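# Chain and residue survey
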Amino acid sequence: MRSFAQLFSSLDETNKTNEKIRVLKEYFLKVPDEDKIQTLALFTGRKPKRQINATLVKTWAMEMANIPVWLFEESYHVVGDLGETISLLLPKSEATQNKSLSEWIAEINSLNALTEDEKKDWLISSWSSMDQQERFVFNKILTGSFRVGVSQSLIIKALADISGLETQVLTHRIMGNWDPATFSYSQLMQAVDGSEDISRPYPFYLAYAIQETSDKSKSAEEISMALGDVSNWQAEWKWDGIRAQAIQRQGEIFIWSRGEDLSTDKFPELHPFLLELPDGTVLDGEAICFADNCPLPFNVLQTRIGRKNLTKKILEESPMAFIAYDCLEHEGRDIRELPLSERRAILEELHRASRHQNVFRLSPVVDVNSWEELYELRLRSRDENAEGFMLKKLDSPYLVGRKRGDWWKWKVDPLSIDAVMIYAQKGHGRRADLYTDYTFAVWDQDKLVPFAKAYSGLTDKEINQVDYFVKRNTLEKFGPVRTVKPELVFEIGFEGINRSTRHKSGVALRFPRILRWRQDKKIEEADTLETLKEFL
Amino acid sequence: MPAKPLLEFNDCGIYCAAGDFYIDPWRPVKSAVITHAHSDHAKWGHDNYLAHSLSREVLLYRLGEISLETMDYGKTVVKNGVTISFFPAGHILGSAQVRVEYKGEVWVVSGDYKLEDDQVCQPFEPVKCHSFISECTFGLPVYSWRPQQEIFDSMNNWWRQNIEEGRTTVLVGYSLGKAQRILQGLDLSIGRVYTHGVIENTNEALRRNGVQLSETTRVTPDTNKDEMRRGLILCPPSSVGTPWMRKFYPYSFGYCSGWMALRGAKRRRAADRGFVLSDHADWNGLISAIQATGCETVYLTHGYTAPFSRYLSETGYDAHEAHTIYGGDEASELDQDPVKLVNEEGEVIGAEENIDSMEALAVDSATPLKQPLTDSEKSAALKKAKKAGGAL
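Residues numbered from 1 in each chain as written. Chains lettered and ligands numbered in written order. Predicted model: local features only at pLDDT ≥ 70, side-chain atom pairs only at ≥ 80, totals over all residues.

### Section: the overall build of chain A
A tally of helices and strands in chain A yields 20 helices and 23 strands. Radius of gyration (C-alpha) of chain A: 26 Å, near the 24 Å computed for a compact globule of 536 residues. On the principal axes, the C-alpha backbone points of chain A span a range of 75 × 70 × 50 Å. Taken across its 536 residues, chain A has 36% of its residues classed as buried. The long-range share in chain A, meaning contacts at least 24 apart out of those at least 6 apart in sequence, stands at 72%. (Helix = DSSP H or I, 4+ residues; strand = E, 2+ residues; numbered from the N terminus. Rg over C-alpha atoms; globule rule 2.2 N^0.38 Å. Buried ≥ 20, exposed ≤ 12 C-beta atoms within 10 Å, placed from the backbone. Contact = placed C-beta atoms within 7 Å.)

Below, the structure is given as C-alpha cells:
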C-alpha cells in the first residue's frame, strides 16, 4: 500500500506527462504482478464494491478523532473530500504495516462476511497502522470514490513501454468486463490475445471539437481551408443521446455506453434487433429516445436512465431506438481498419436485412455539395434535435481514443443569456476551499430568480477574483452555501432548455456553463426570465 | 453600566482606551504597538510605533522613515498607568505577544504565533492573562503539522534530486520569516542559496539588526546561470509565473506554506512540490497555547474564527469572533506579502499601502499594478525605477 500511496502523491506532484509516465513505469517495475493488475483496475475505474457505507466510515472516524459532527462537517467543507478529511482528522498513528495493495483490496472484498462491530474493529485497527497518505488512498478505495488525475492513455503508455506491446492492443485488451481477481497481469501481457470475453467492446473512436467555444466560431471558408474538399467527407447529424456500442456474439448481446458501463438491461427495446443480427456483429451508434420518427430531447432519456426498474409507463413515454453510424466487427472479423465508406456499406446491408428498422436506424448521411451548404444547415441543428454535425473522412479507419484529423464534431453555438450570480458554494478537489460553484439568476419583474448552477468556464485567475469577491460580499450563510451581494454578471451558455416543475424558474437547462464574465455589465443589464423562456 | 474592557476592537484596530494606544492598527493612529513586521499588522501612516528590537530594521526598510521606538522581550513601558510588555510569539524574528496590564487586569494580544521552536526566532512563551486575543489562521483540526526536521529532510532530498536531474531548484516562501526559516533548515553542503531581491533586502535588514543568517547570493542579471542550476533559489510568492522565474527553466518549483496541507490547495498552486511548513500554530498548537494562558475570555482575530470560537465555547471558554482586517475568516498568507513595488533586484520603486492580497500577487515590475497610483506616486516610482535601471 505504501508504494501505491507514494505513486498517488508522486502523480499529484507533477503536471508533466513525461514525468507521470516515468513515475508509473518506476512503480510498475517495482510492485508484484497482482498489484500491477489491481492498479490498472483502479486507474480505469474498476473499483472494488463498497462494503461499508460512507456514513458508517464517517461516524467511526469522528469517534476515533474525538470531534463533534459539526466540526467534522466544517472541516469537510474546507477540505472538499471525505476520504482526505478523515485522513487528516484521525490521530497520528504509531504503528506501520507492510500489506500490499492487493492484500488490502482482498481484505476489503471480504468485509461483507463481517458483522458491523467486526467491520468497525477492522477499520480502526487498519487506520491505526497507516500514515496520512496511505489513509487517504485507502479511504478513497474503501468508499468507492477512488479517482486519479491520470488519463487511461498515460497508464497504457507506461505499460506499453515496459511490455513492448502496442498501445492500441493494450487499450483494446483492457476494455470490457474483467475483474482483477480473475484476470492476471500475465494474461494481459500475452503475445497473442488470450481473452475469451465475448462481451468485450472495442475502444471508442472520439472526435475533437472544431470549435471549443462560441468565441471561436468557424466560417465555412475556414472549414474548407482546414478540411479540404467536401466530397471527401461524410457529414452526419450529431445526436444528443448516449454513445453506445452494441454487440452480438454467439447469440448473446451486450450494450456498452461510452463510460464503459455495461448497460444491456437499460435498453430492452434494442434487444430484438440485436438478437437478429448475424453472429459476430459490433455496431457503434447512439442510444436515443425516439417517437413518431423523431428523436426526443436528452431530458426524456434522462428520466429513464437512472431507473432500476423500467416500468411500462416509462417504456411508453420514452421509447428507445439505436441510431447506428458504424460497424466495427462483421461476421466475427475486426473491420476497424477498413475505410469508413466500406464499413458504411456493410452497415447499410445489415440495416436492409433487419426486420426492426423502426428501432435499428441508420444515421442519415447529410448530402451536401459545399461547406457553405453544410454551414447553413448546421444553424438549423436544433430543429432536428441534433447538436450539430459529425464530420468523418470517407477513407478513415476506426481509430482508438480521441484523435485529431479524420473525425471532427462541429457543434452548434450554445444558447446564451446574461445572468447574475446570487449564491456561491465551495468546490471540491483542486477547487476545494475556493468558491467555484455558483448559482445564477435572471430578473422576474424586480426579483432575481435562480435558474441554473454552473461550475466551469472561468480561468483560474478569474476564479480567484470571484472567490475574493464572495468572501467579502457574503450576505448570509446557509451551511456551505453563501448568499452573495448581486453584483457580478456572467454570460451563461447552455445546449438546450426544457420546462421543469422542479425548479422555481420553471425551466431546466442542459449543460449550463459560464461563457464569460461580463465585467462590463451591471446587474440591471442582466436578462429576464421572459427572455429565457423564449428559448423554449 | 459594565466597565469598558481594557482592549476593544474599533474601526482602526485593537484599542486600549486607558492607555490611549492601538495594537496593530490598520488605519493611521497616533500611537501604535506592533506585534510583528508583516504588512497586515504593521501598516504605514501612524505617528508613533513601538515594536520589538528585532523588527527595527525591517520596519524601517518596509515603512520608510517612521518614528519608531523598540523594546526587548520582558521589558516594560508604561503609558497612562497601563503597562505594556513584549513576550516571544515564535512566529518570525521580532514577533511579540503584547501583554497589557491595568489595575491588575491582564490582556494579551498574540499577534501571529507558532509553538514549534524554529531555531531562528525565540520560541513562543505562554503568558498568563485574563483575556487572550488570538489568531487562528489554521483553526481547524485538519491542520496538524509534522516536526520541521521531517520537512527540511524532504526539502534537502528534493534539492539533491533536482541537481541530479539537471533542474534548478526554486523554492517559494514569504520573504520575512519563512525565507529565513528555510535558509536555516537547508543543508548548505548541497549548494549555494540564491535570493530574489525582495528576500535579500529583508535578509540585509535583519543582518543590520545583528541577526546571523547563512550566506545568500542575490540574483542579478549577471549571476551565472550554470552555477544557479546547482543552487537553490529562494523567492517570494509574487514571483510565481513571472518572466523572472521563467528564466530559470528547466526548474522544479516548491511551495512552502501551511496551506499545502490540503491536496486541493496544493494542486491549485500547481507547484511541483508542496512543503507543509507554517509559521502559524496548528489546531492543537492553538488549543494548548490558549490553555497555557489560563484565560477565561478569548477573542479570535483571523483564520477559521467561526468554527474555532464555537469549539472553544463548547469547551468552556467565553470565546468571541473579532472583526479585524488580518485576513477575514479565510486568512491567507498572501496578506503577509510585502506591499511595496520592488523590481527584480529588490530595488524599491514605489510604495502602495492599500494593495490588497489579490493585487499583491501582481506586484512585480513587469506587471503593471492594477490599483491606481496617484500621479505623484507614479512619477516617484518611475524616477526611482530609472535610477535603478529597471523597466517599469
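Here the narrative resumes, following the displayed structure.
### What about helix 3 (residues 33-43) of chain A?
Residues and elements named next belong to chain A. Of all 11 residues making up helix 3, nine are buried, and the element is well covered by its neighbours. Of the residues making up helix 3, those classed as buried are Asp 35, Lys 36, Ile 37, Gln 38, Thr 39, Leu 40, Ala 41, Leu 42 and Phe 43. Elements in contact with the buried residues of helix 3: helix 1 (2-12), helix 2 (17-30), helix 7 (101-109), helix 9 (132-142), helix 10 (152-163) and helix 12 (185-189). In the segment just after helix 3, Gly 45 is the residue with positive phi, at about 80°.

### Some words on the interface of chain A and chain B
Taken together, the contacts link 26 residues of chain A with 17 residues of chain B. Looking at the side of chain A that touches chain B, the elements with two or more residues in it are helix 5 (69-79), helix 6 (82-89) and helix 19 (460-472) of chain A. In terms of residue class, the side of chain A that touches chain B is made up of nine nonpolar, eight polar and nine charged. (Nonpolar A, V, L, I, M, F, W, Y, C, P; charged D, E, K, R; others polar.)

### Observations regarding unusual backbone geometry
In the segment running from Tyr 249 of chain B into Pro 250 of chain B, the intervening peptide bond is cis, with an omega of -5°. Within the fold, Pro 250 of chain B resides in the loop between helix 6 (243-246) and strand 16 (251-256). Even without being glycine, Asn 66 of chain A reaches a positive phi, approximately 60°. Of note in the backbone geometry, Glu 331 of chain A takes a positive phi value of approximately 50° without being a glycine. Locating Glu 331 of chain A in the fold gives a position in the loop between strand 8 (320-330) and strand 9 (333-334).

### With respect to the sheet that holds strand 2 (residues 208-209) of chain A
One open sheet accounts for five strands, arranged 2-14-12-3-11 (chain A); its pairing is mixed. Two strands lie at the open edges of the sheet, namely strand 2 and strand 11 (365-366) of chain A, each paired on one side alone. (Pairing = 2+ DSSP bridges.)

### Section: the sheet that holds strand 3 (residues 21-23) of chain B
Residues and elements named next belong to chain B. Spatial ordering of the open sheet is given by 1-2-3-4-5-6, a layout of six strands whose pairing is mixed. Both outer strands of the open sheet, strand 1 (8-9) and strand 6 (68-71), are each paired with one neighbouring strand and no more. Inspection of the sheet shows strand 2 (residues 14-16) paired to strand 3 by three bridges, in the antiparallel sense. Among the inter-strand pairings, Ile 14 is bridged to a residue of strand 3, identified as Ile 23. Relative to strand 6, helix 1 (residues 56-63) is tilted by about 160°, and along the sheet it contacts strand 5 (48-52) and strand 6. (Axes fitted to C-alpha atoms, helices over the stretch in contact; angles between N-to-C directions.)

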